[in-house]
Amino acid sequence: MDQYTLNLLVVGATFALYIGIALWARAGSTSEFYAASRGVHPVTNGMATAADWMSAASFISMAGLIAFGGYGASSFLMGWTGGYVLLALLLAPYLRKFGKFTVPEFIGDRFYSPTARMVAVLCLIVASVTYVIGQMTGVGVAFSRFLEVSNTTGLLIGAGVVFLYAVLGGMKGITYTQVAQYCVLITAYTIPAVFISLQLTGNPIPGLGLFGDHFSGEPLLARLDQVVTELGFSQYTAQDGTPSSVINMALFTFSLMIGTAGLPHVIIRFFTVPKVADARWSAGWALVFIALLYLTAPAVGAMARLNLIDTVYPNGTAEAPIDYEARPDWMKNWEVTGLLKFEDKNGDGKIQWYNDKSESFAATAQERGWTGSELSVNRDILVLANPEIARLPGWVIALVAAGGLAAALSTAAGLLLAISGAVSHDLIKGQFNPNISEKGELLAARIAMAAAIVVATYLGLNPPGFAAQTVALAFGLAAASIFPALMMGIFSKRINNKGAVAGMLAGLLFTLVYIFLHKGWFFIPGTNQFPDTIQGSLLGIQSTAIGSIGALLNFVVAYFVSNATEDTPEEIKQLVESVRVPRGAAAATLDH
Amino acid sequence: MSSEPTQTDSGYWAANVRIIVISLAIWALVSFGFGILLRPLLSGITVGGTDLGFWFAQQGSILVFLALIFFYAWRMNKLDREHGVDEE
């Protein structure tokens, strides 16, 4: 059976599974549509949360970022997992106790302010829409690489499947498809990683292999440090110890953490478990399932980098690299996609791959007759090419294709649900038509979901030029506006309506303006006032790390404005008291 | 919600906040501390071809995060029962 047929079979089988679940898990009420009737087991919810959270970026891009960033890319590992500690300790149990359906609903009720609710809706929609664009383009790319259909056809098929299970089943359908998608993506991620770890270190657990010995006898990381420096690259494990760089790394990590804890599509997953105690356990289970991938990713990154160098320099980095004509088949396959490129700059027919920007290495390169690095590797291909590099059978390649699609689709569905809930529950029911019937709201939720899918598909087909940059925006907004408002709403009785609105707007505008000043206004290239580097930036902080400062500003403004204005009403103090104790969470469920 | 008991049980909330503060101190120490700011101080401790700070940045902190969340869930569910605010 050829590879194409295998890909088609495996991806087709997973899609049939998702559609089967959609037909089985139809939602009949708003409670089922928004929160799966709060009947999801904490372990099941943990698994669904892991799929909800791990996007195409986690599955496809992260290992590549680590492979080429080394220690510097640790921010992603700590940031995207550390946020779950904040979620579990500071938000999830209390928001579950509150017992409503959306994040803006809590902000509106706690700060007794429709304005606060609308600001939250705005932040939610901007953050979620920018995030969903990346997922939709990922779906298109995976289809075109593995199933040889056009980008457009691939995207439409993917959108059609999400449409079926998200519009029919709402949160209920999404939860159980996410469980299936998690199983597909983690299997697809782990199998190639285990084989690569076995080939390089003899250890079947990639996370242990990373800190184990390479088959040459030296520790794997020591060997990697050595070969990359021999080619003029910076040492893999080394830290840029300048104070400004250390501070930026800490602030960037912190932004990712509070952004993770503040992303609405993750928070609403914790509304689906029966009890407050379950919400606490469920956050732990979510991180268990996420850690299975996040503990493997740094091993995949380091091993793929070493593998790539060993492939190009089979006799060691001091000897000549391989002839272009002798390159392995997987390189030929990826050259077709344009994501791997060879240009024979010095005309010797060999592949020289080194850091041609390193001044200290320039002399060595000249001595060897090298006139520039001749290989360019798109870092996104590392995970997808892994099974081919490790010479695994065709069905593993097909499984990786299905895994990438599962990662993108599961995150897209979660985001679409968060968007449709904000539109039907917060905007339509909360603002324009409070007397809407249960049936009417369910219909509105379905229409909002369908509309969100159409918009996301359109943006996926015509991605704005700034699509890649906006992920930083999504995290920045969640970090600077949503997370502080939720935390203060639970941990302070004194923060009032004026303080919350002022704080959210201050955090939001500061973060937005700072990003625009460095990335260009509305991401139009050339309109930025400052270069987006540590030295050139306005405050010595890169725009990706500014969410943490925006969050701090939100806290400070909310505190001072609240203390300068009147105290919160008695019923709000009671609301905060009731959110803080678990007893009574089941009663809140019965209200609906 | 009228049936909620012990609304004024401030001991429960103070105990919760104390557990959160201790947990978050550990959370910050392993990630921002050992993984980033204090890494140079740990450079003498070798782990698998590199230093302890690198291990915390790429693996150790995630393991500690896991332990923290499960500890918190266990400790709080116990605290709920001690103060009679658990869900029947």
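Residues numbered from 1 in each chain as written. Chains lettered and ligands numbered in written order. Predicted model: local features only at pLDDT ≥ 70, side-chain atom pairs only at ≥ 80, totals over all residues. Heavy atoms only, no water.

### What about the overall build of chain A?
Across its full length, chain A holds 24 helices and two strands. Its C-alpha atoms give chain A a radius of gyration of 25 Å, near enough to 25 Å, the size a compact globule of 592 residues would have. The buried share of chain A, taken over its 592 residues, is 61%. Carbon and sulfur atoms make up 64% of the accessible area of chain A, which amounts to about 20300 Å² in all. Computing the positive centroid from 33 side-chain charges and the negative centroid from 37, chain A places the two 12 Å apart. (Helix = DSSP H or I, 4+ residues; strand = E, 2+ residues; numbered from the N terminus. Rg over C-alpha atoms; globule rule 2.2 N^0.38 Å. Buried < 20%, exposed > 50% of the residue type's maximum accessible area, 1.4 Å probe, protein only. Areas by Shrake-Rupley, 256 points an atom, 1.4 Å probe, with all protein chains shown as cover. Lys, Arg positive; Asp, Glu negative; His and termini not counted. Charge placed at Lys NZ, Arg CZ, Asp CG, Glu CD.)

### Regarding the overall build of chain B
What chain B contains, in helices and strands, is two helices and two strands. The linear arrangement of helices and strands in chain B, starting from the amino end, is α-β-β-α. The buried share among the 88 residues of chain B stands at 48%. Contacts in chain B between residues far apart in sequence, at least 24 positions, make up 57% of those at least 6 positions apart. A total of about 3900 Å² of accessible surface is found on chain B, and carbon and sulfur atoms cover 68% of it. (Contact = heavy atoms within 4.5 Å.)

### Regarding the pattern of salt bridges
Any two side chains of opposite charge can pair, so long as their charged atoms come close to each other. Residue and element names in this part refer to chain A. Taken as a whole and assessed by the stated rule, the structure comprises 16 salt bridges over all chains. Residue Lys 350 pairs with Asp 323 through a salt bridge whose shortest N-O separation is 3.0 Å. Taken together, the positions of Lys 350 in the loop between β1 (340-342) and α16 (359-367) and Asp 323 in the loop between α14 (297-312) and α15 (329-337) put the pair 27 residues apart, joining distant regions of the chain. When its relative accessible area of 37% is taken as the criterion, Asp 323 is described as partly exposed. Ionic pairing is found between Lys 498 and Glu 566, a salt bridge with its closest N-O pair at 3.0 Å. Separated by 68 residues along the polypeptide, Lys 498 in helix α21 (residues 497-519) and Glu 566 in the loop between α22 (547-564) and α23 (570-580) bring together distant segments of the chain. A relative accessible area of 42% places Glu 566 in the partly exposed class. Beyond isolated ion pairs, a larger network of salt bridges with shared partners links Glu 218, Arg 223 and Asp 310. (Salt bridge = Lys/Arg side-chain N within 4 Å of Asp/Glu carboxyl O.)

### Focus on the environment of Met 331 of chain A
All names here are of chain A. With respect to the helices and strands, the residue Met 331 is situated in helix α15. Each C-alpha atom of the pair Met 331 and Glu 32 lies 48 Å from the other, and the pair is 299 residues apart in sequence. For Met 331, the residues in contact, after removing those within four places along its chain, are Thr 311, Val 312, Leu 340 and Leu 375.

### Here's the deal with the nonpolar core
One finds Trp 53, Phe 59, Leu 91, Ile 107 and Tyr 294 of chain A to be the most contacted residues of the largest nonpolar core, which totals 228 residues. Residue-level mapping places this core at the junction of two domains, with at least three residues from each of domain 1 (3-303 + 391-463) and domain 2 (307-389) of chain A. (Core = buried A, V, L, I, M, F, W, Y, C linked by side-chain atoms within 4.5 Å. Domains from an automatic or database assignment.)

### As for the packing of helix α3 (residues 42-53) of chain A against helix α18 (residues 394-432) of chain A
All names here are of chain A. Contact geometry for α3 and α18: axes closest at 7 Å, N-to-C directions at 100°. Compared by their axis directions, α3 and α18 come out roughly perpendicular. In this structure, α3 uses Ala 51, Asp 52 and Trp 53 to contact α18, whose residues at the interface are Ala 407, Ser 410, Thr 411 and Gly 414. Grouping the constituent residues of the contact of α3 with α18 by class yields three nonpolar, three polar and one charged. (Axes fitted to C-alpha atoms, helices over the stretch in contact; angles between N-to-C directions. Parallel < 35°, antiparallel > 145°, perpendicular 65-115°, else oblique. Nonpolar A, V, L, I, M, F, W, Y, C, P; charged D, E, K, R; others polar.)

### Side note on the side chain of Asn 386 of chain A
Residue and element names in this part refer to chain A. Tracing the backbone shows Asn 386 in helix α17 (residues 381-389). The class for Asn 386 is buried, based on a relative accessible area of 5%. If we skip the residues at most four places from it in the chain, Asn 386 touches Pro 192, Ile 196 and Val 300.

### A short note on a nonpolar patch on the surface
Residues Val 513, Trp 521, Phe 522 and Ile 524 of chain A make up a contiguous nonpolar surface patch of about 380 Å² in total accessible area. On the secondary structure map, Trp 521 of chain A appears in the loop between α21 and α22. (Patch = residues over 30% accessible without salt bridge, like charges linked within 9 Å, V, L, I, M, F, W, Y side chains within 5 Å.)

### With respect to helix α1 (residues 3-24) of chain A
Residue and element names in this part refer to chain A. Across its 22 residues, α1 extends 32 Å between first and last C-alpha, which sits within 8% of the 32 Å expected from 1.5 Å per residue. Looking at α1, one finds that the buried residues are Leu 6, Asn 7, Val 10, Val 11, Thr 14, Phe 15, Tyr 18, Ile 21 and Ala 22. Buried residues along α1 cover an arc of 155° about the axis, so they all sit on one side. Contacts made by the buried residues of α1 are with α7 (114-146), α8 (151-201) and α18. (Expected span 1.5 Å × (residues − 1). Arc of directions from axis to C-beta.)

### Re the interface of chain B and chain A
Contacts between the two partners involve 47 residues from chain B and, on the opposite side, 58 residues from chain A. Both sides of the chain B and chain A interface together cover about 4800 Å² of buried area, and 69% of this is carbon and sulfur. Its largest share of buried area at the contact with chain A, chain B owes to Gln 58, Ile 69 and Glu 87 of chain B, together 15% of the area lost on that side. On the surface where chain B and chain A come into contact, there are two salt bridges. (Buried area = accessible area lost by both parts, 1.4 Å probe.)

### Quick notes on the domain arrangement of chain A
All names here are of chain A. As assigned here, chain A comprises domain 1 (3-303 + 391-463) and domain 2 (307-389). Between the C-alpha centres of domain 1 and domain 2 the distance comes to 33 Å. Taken together, the contact pairs 29 residues of domain 1 with 24 residues of domain 2. Summed over the shared surface of domain 1 and domain 2, the result is one salt bridge. Joining domain 1 to domain 2, the criterion identifies nine residue pairs in polar contact (both at pLDDT 80 or more). Residue assignment for the side of domain 1 that touches domain 2 shows that the elements contributing at least two residues are α4 (56-69), α7, α8, α10 (220-230), α14 and α18. Per-class residue counts for the side of domain 1 that touches domain 2 are 21 nonpolar, four polar and four charged. (Polar contact = N/O pair within 3.5 Å; in protein donor to acceptor, adjacent residues only side chain to side chain.)

### Some details on the side chain of Arg 580 of chain A
If you trace the backbone, Arg 580 of chain A turns up in helix α23. Nearest to the buried, unbridged Arg 580 of chain A among oppositely charged side chains is Glu 577 of chain A, at 5.2 Å. Among the polar contacts made by the side chain of Arg 580 of chain A, one reaches the main-chain carbonyl oxygen of Phe 491 of chain A at a distance of 3.3 Å. Among residues more than four places away in sequence, those in contact with Arg 580 of chain A are Tyr 94, Ile 490, Phe 491, Ser 492 and Lys 493 of chain A together with Tyr 12 and Trp 13 of chain B.

### Considerations on the packing of aromatic side chains
For the structure shown, the criterion picks out 38 aromatic pairs over all chains. Between Phe 15 of chain A and Tyr 18 of chain A, the ring centres sit 5.9 Å apart and the planes meet at 40°, which makes this aromatic pair tilted. Pair noted here: Phe 15 of chain A and Tyr 18 of chain A are both in helix α1, with a separation of three residues, about one helical turn. Summarising the burial analysis for this pair, Phe 15 of chain A and Tyr 18 of chain A share the class buried. Counting every residue linked through ring pairs, the aromatic cluster contains Trp 53, Phe 76, Trp 80, Tyr 84, Tyr 131, Phe 252 and Phe 475 of chain A. Residue placement shows Arg 327 of chain A over the ring face of Tyr 324 of chain A; its charged tip is 3.9 Å from the ring centre. Taking the ring centre of Tyr 71 of chain A as reference, the NZ or CZ of Arg 39 of chain B above it sits at 4.3 Å. (Phe/Tyr/Trp six-rings, centres within 6.5 Å; stacked < 30°, edge-to-face > 60°. Lys NZ or Arg CZ within 6 Å of the ring centre and 35° of its normal.)

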